[in-house]
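# Working through the structure, step by step
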Amino acid sequence: MNLNRRDFFRVAGIAAATPLLDRSVDAAGEESPGESLGCLVDLTRCIGCRKCEQACSAVQRLPAPERSFDDLLVLERPRRMSSRTYTVVNRVHTGVVDEHGRPVPTFIKLQCMHCLDPACVSACPVGALTRKENGAVHYNASRCIGCRYCMVSCPFQVPCYEYEDPLTPRVRKCTFCFEQRLVEGKVPGCIGVCPVEALTFGPRSQLLEAARRRIQEDPGRYIQHIYGEKEVGGTGWLYLSGVSFDRLGLQKLPERPMPKLPETIQHGLYSFLWAPIVLFGALGGIMKLTERKARGGAAGEREEGAES
Ligand code: SF4
Ligand code: SF4
Ligand code: SF4
C-alpha cells in the first residue's frame, strides 16, 4: 500500500511530521541528516487483528505461514519472531476484567525495536549491522560471517537465523522496511495497514510528545511509562499501555545502552587473541630460522663434500 502525503498524515496523526517526507534518502541508503524515525505502538488500541503481520509478510516477501493470517486461534499461545516472521502479535491476559467480569486481554505487537544505540550493531565484528541516520537498524547479508553475536547480544531476543538454509543462512529481523519503503519516503508496511491506528509513524521526538500528551489527556487509560523512551538508551519503537510492561513480557531493562557489554566482551576477546597471534608469530619466526639453519647446514655439508 503506497501512502501519499495526505494518507501519511492520517496514519501518523502528527501534524508536525512535515519534515519526514521532505527528507530524501539517497540510493546508497544514507539519509540526509535529519531526525531519527520511529513508531508509537498504543497497546490500548490494538485489537489483535494481525493485519500488521500480514502486511509485513507481503512487503518483505516472506513465505506464507502454515495458518492463514485470518486465523486468530494462533493467538492462543505466545509466539516469537522467526526467520520467516519479522513481527508477531500476542494476546496476553493480565487479569483485567470488564464490568461483566469478562477478561480483557492486551494485544502486543513485537518486532525489532530499532534501538538508538543497538547492541547488535556493536556486537557484529564485521559491520554487517548498521544503524542508519533515519533510525533503521539495517542488516547487510553480504558482510555477515554467521557468528550470531547479534543474536546473543540483543536485549529483546530479536534476530533469528535461517538454520533451515544450509548454504546461505542469513540473520533475519524487522528491517523497519528500510529498503522496501523508507528509502522511497513511504510508511513501513505494518504501520500503514493498522485499522485502529494503534501504530503511529514519525520522528521519534514527536512520537514521544504525542505519547506524553495521550497519557496526560487520559491518565486512567495509560500507565505513566513510555516503554522505549529510556530502556537501553532508547528505542525507535515506543509503547504505551494500560498495564505494566513486565506483565506483557517487555522486561525491565537498564537505561544504559547494552552495547557496552558486547563491546567489553569483544575487546576482551581481541586482547585475549593477541596472545595466540604473538605466539603463532614467534613460532613462525622460529620455524623460519630453523629452516634457514638447516638449509645453511646442508649447503655447508655439500660444499665440504665437494672439497674432499
Ligand atoms: S532490538 Fe535487538 S536487533 Fe533490534 S536494534 Fe535493538 S539490539 Fe538490534
Ligand atoms: S517495519 Fe516493516 S519489516 Fe518491520 S515489522 Fe513492520 S512491515 Fe515488518
Ligand atoms: S494491525 Fe493494528 S490492531 Fe491489528 S494487530 Fe496489528 S497493531 Fe493490532
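Residues numbered from 1 in each chain as written. Chains lettered and ligands numbered in written order. Predicted model: local features only at pLDDT ≥ 70, side-chain atom pairs only at ≥ 80, totals over all residues. Heavy atoms only, no water.

## Notes on the side chain of Arg204
Filter applied, for reference: Labels follow the DSSP assignment, with helices taken as runs of H or I lasting at least four residues and strands as runs of E lasting at least two, numbered in each case from the N terminus. Buried residues are those whose accessible area, probed at 1.4 Å on protein chains only, stays under 20% of the maximum for their type, while exposed residues exceed 50% and partly exposed ones sit between those limits. In this tally Asp and Glu are treated as negative and Lys and Arg as positive; neither His nor the chain ends contributes. Here a salt bridge means any side-chain nitrogen of Lys or Arg lying within 4 Å of a carboxyl oxygen belonging to Asp or Glu. Polar contact criterion, stated in full: a pair of N or O atoms within 3.5 Å, where within protein one must be able to donate a hydrogen and the other to accept it, and residues adjacent in sequence count only if both atoms are side-chain atoms. Throughout, a contact is declared for two residues whenever any of their heavy atoms are within 4.5 Å.
Within the secondary structure, Arg204 is located in helix 7 (residues 204-217). Nearest to the buried, unbridged Arg204 among oppositely charged side chains is Glu229, at 6.7 Å. For Arg204, the side chain forms a polar contact with the main-chain oxygen of Gly228, separated by 3.0 Å. Apart from residues lying up to four places away in sequence, Arg204 is in contact with Glu35, Ser36, Leu37, Gly38, Leu116, Gly228, Glu229, Gly234, Thr235, Gly236 and Leu238.

## What about the site of ligand 2?
To keep it simple, the criterion reads: Nearness is judged by heavy atoms alone; a residue qualifies as near a molecule or strand once a single heavy atom is within 4 Å of it. By the convention adopted, Pro, Cys, Tyr, Trp, Phe, Met, Ile, Leu, Val and Ala count as nonpolar, Lys, Arg, Asp and Glu as charged, and the other residues, Gly among them, as polar.
Lining the immediate surroundings of ligand 2 are Cys56, Gln60, Thr87, Lys109, Cys174, Thr175, Phe176, Cys177, Pro188, Gly189 and Cys190. Considered class by class, the residues forming the shell around ligand 2 number six nonpolar, four polar and one charged.

## Here we look at the sheet that holds strand 8 (residues 199-203)
For clarity, the threshold we go by: A pair of strands is treated as paired once DSSP finds two or more bridges between them. Fitted lines through C-alpha atoms give the axes, limited to the stretch in contact for helices. The angle between two N-to-C directions lies from 0 to 180 degrees.
The three strands are arranged 8-1-9 in an open sheet whose pairing can be described as mixed. Of all the strands in the sheet, just strand 8 and strand 9 (237-240) have a single pairing partner and so form its edges. Shown here is a sheet whose adjacent strand axes are inclined to one another by a mean of 25 degrees, direction ignored. In terms of strand pairing, strand 1 (residues 37-42) meets strand 8 through five bridges, oriented antiparallel. Bridging across to strand 8, Cys39 finds its partner in Phe201. Of the strands in this sheet, strand 1, strand 8 and strand 9 touch helix 7, which is tilted by about 135 degrees from strand 8.

## A closer look at the pattern of salt bridges
Within the structure shown, the criterion is met by 11 salt bridges. Between Lys186 and Glu184 there is a salt bridge, with the nearest N and O atoms lying 2.6 Å from each other. Residue class for Lys186 comes out buried when judged on its relative accessible area of 17%. Via salt bridges that share partners, Asp42, Arg45 and Arg214 belong to a single interconnected network.

## Observations regarding helix 7
The condition is simple: A helix is expected to span 1.5 Å for every residue after the first.
Along its 14 residues, helix 7 runs 20 Å from first to last C-alpha, staying within 8% of the 20 Å computed at 1.5 Å per residue. Residues of helix 7 that are buried: Arg204, Gln206, Leu207, Leu208, Ala210, Ala211, Arg214 and Ile215. Those residues of helix 7 hidden inside the fold are in contact with strand 1, strand 8 and strand 9.

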